[in-house]
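Understanding the architecture of this molecule
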Amino acid sequence: SYAFSHIKHTWIGLGDHHNYSHDGTDRRTELTAIDNWYAKQLLYLLQQLDSVKEGNGTLLDNTLVVLGRELGSTAHAMTRSPIIMAGGAGGALKTGRWLNFDGQPHAKLLVSIGKLMGLDMETFGNRDVGSGSLTGIV
C-alpha cells in the first residue's frame, strides 16, 4: 500500500493502518502484525516467481522485487528503514547478502536499481542531484 493508507486489515482482525501510527497509543503490536502480514505476502510472491522456470533459472532469477517503506519509524523521522531487494535481476544482482548503507540517501538506491536495469543515470529525483549509486550493490 502507500504512506497514507487507510486500509482496514480486517482479515487479520485489525483496523486502519495509518491511524494506528497516529492515535497516541502504543500500537507496536498491531503495526508489527500488519508488517508481518505484508512480509508473508512478499514471501508468497517470491515463492511463486521462483516456481516458474525461465531459461536456465526461474522467473525470480530474472526479476527484481523491492520492498521498503519511506520512513523508518511512525514518527515521520527520516531514520533507518530496511529495504528488501529480492531476485537476481537477470544476473545483475548478487543475492544472499545483507548490506548496510546507513545514512545514505534513498536516491542512491534508486540510481543503483536503475543501473541494474541498464539505465545510464547518476541522479534520481531532486533531493540529492548527481548523488550517484551505492557502492557494492552489484
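Note that the structure is a prediction, hence the values are computed from the model and not measured.

1. Brief notes about the environment of Trp-37
- Positionally, Trp-37 belongs in helix H2 (residues 28–50).
- When the C-alpha positions of Trp-37 and Ile-12 are compared, they lie 8.1 Å apart, and in sequence the two are 25 residues distant.
- Each residue touching Trp-37, except ones within four places of it in the same chain, is listed here: His-9, Trp-11 and Ile-12.

2. Quick look at the nonpolar core
- Grouped together as the largest cluster of nonpolar side chains are 8 residues: Leu-64, Ala-89, Leu-93, Leu-109, Ile-113, Leu-116, Leu-134 and Ile-137.
- In terms of nonpolar packing, the next biggest core, distinct from the first, is built from 6 residues, Leu-42, Leu-49, Leu-60 and Val-65 among them.

3. Details of unusual backbone geometry
- A positive phi angle, near 55°, is found at Ala-89, a position not held by glycine.
- Counting through the fold element by element, Ala-89 comes out in the loop between strand E4 (84–86) and helix H3 (106–116).
- Given a relative accessible area of 18%, Ala-89 falls into the buried group.

4. Things to note about the pattern of salt bridges
- In this structure the tally under the stated criterion is 5 salt bridges.
- In this structure, Arg-27 engages Glu-30 in a salt bridge whose closest nitrogen and oxygen atoms are separated by 3.2 Å.
- The exposure class assigned to Arg-27 is partly exposed, which follows from its relative accessible area of 21%.
- Glu-122 serves as the salt-bridge partner of Lys-115, at 2.5 Å between the closest nitrogen and oxygen.
- Lys-115 sits in the partly exposed class, given a relative accessible area of 33%.

5. Topic: the confidence of the model for the protein
- Taken as a whole, the protein shows an average pLDDT of 87; of its residues, 87% reach a score of 70 or greater.
- Across the protein, the element-wise mean pLDDT spans from 84 in helix H1 (residues 17–20) up to 98 in strand E1 (residues 53–54).

6. Let's talk about H3
- With 8 of 11 residues buried, H3 lies mostly within the body of the structure.
- Taken residue by residue, H3 has Ala-107, Lys-108, Leu-109, Val-111, Ser-112, Ile-113, Gly-114 and Leu-116 as its buried positions.
- Turning to H3, the residues buried within the fold contact strand E3 (65–67) and E4.

7. Looking at H2
- With 23 residues, H2 should reach 33 Å at 1.5 Å per residue; the first-to-last C-alpha distance of 32 Å fits that figure.
- Listed in full, the buried residues belonging to H2 are Glu-30, Leu-31, Ile-34, Leu-42, Leu-46 and Leu-49.
- As for H2, its buried residues are in contact with H1, strand E2 (57–58), E3 and E4.

Parameters at a glance
- Residues numbered from 1 in each chain as written.
- Predicted model: local features only at pLDDT ≥ 70, side-chain atom pairs only at ≥ 80, totals over all residues.
- Heavy atoms only, no water.
- Helix = DSSP H or I, 4+ residues; strand = E, 2+ residues; numbered from the N terminus.
- Contact = heavy atoms within 4.5 Å.
- Core = buried A, V, L, I, M, F, W, Y, C linked by side-chain atoms within 4.5 Å.
- Buried < 20%, exposed > 50% of the residue type's maximum accessible area, 1.4 Å probe, protein only.
- Salt bridge = Lys/Arg side-chain N within 4 Å of Asp/Glu carboxyl O.
- pLDDT = per-residue confidence, 0-100.
- Expected span 1.5 Å × (residues − 1).

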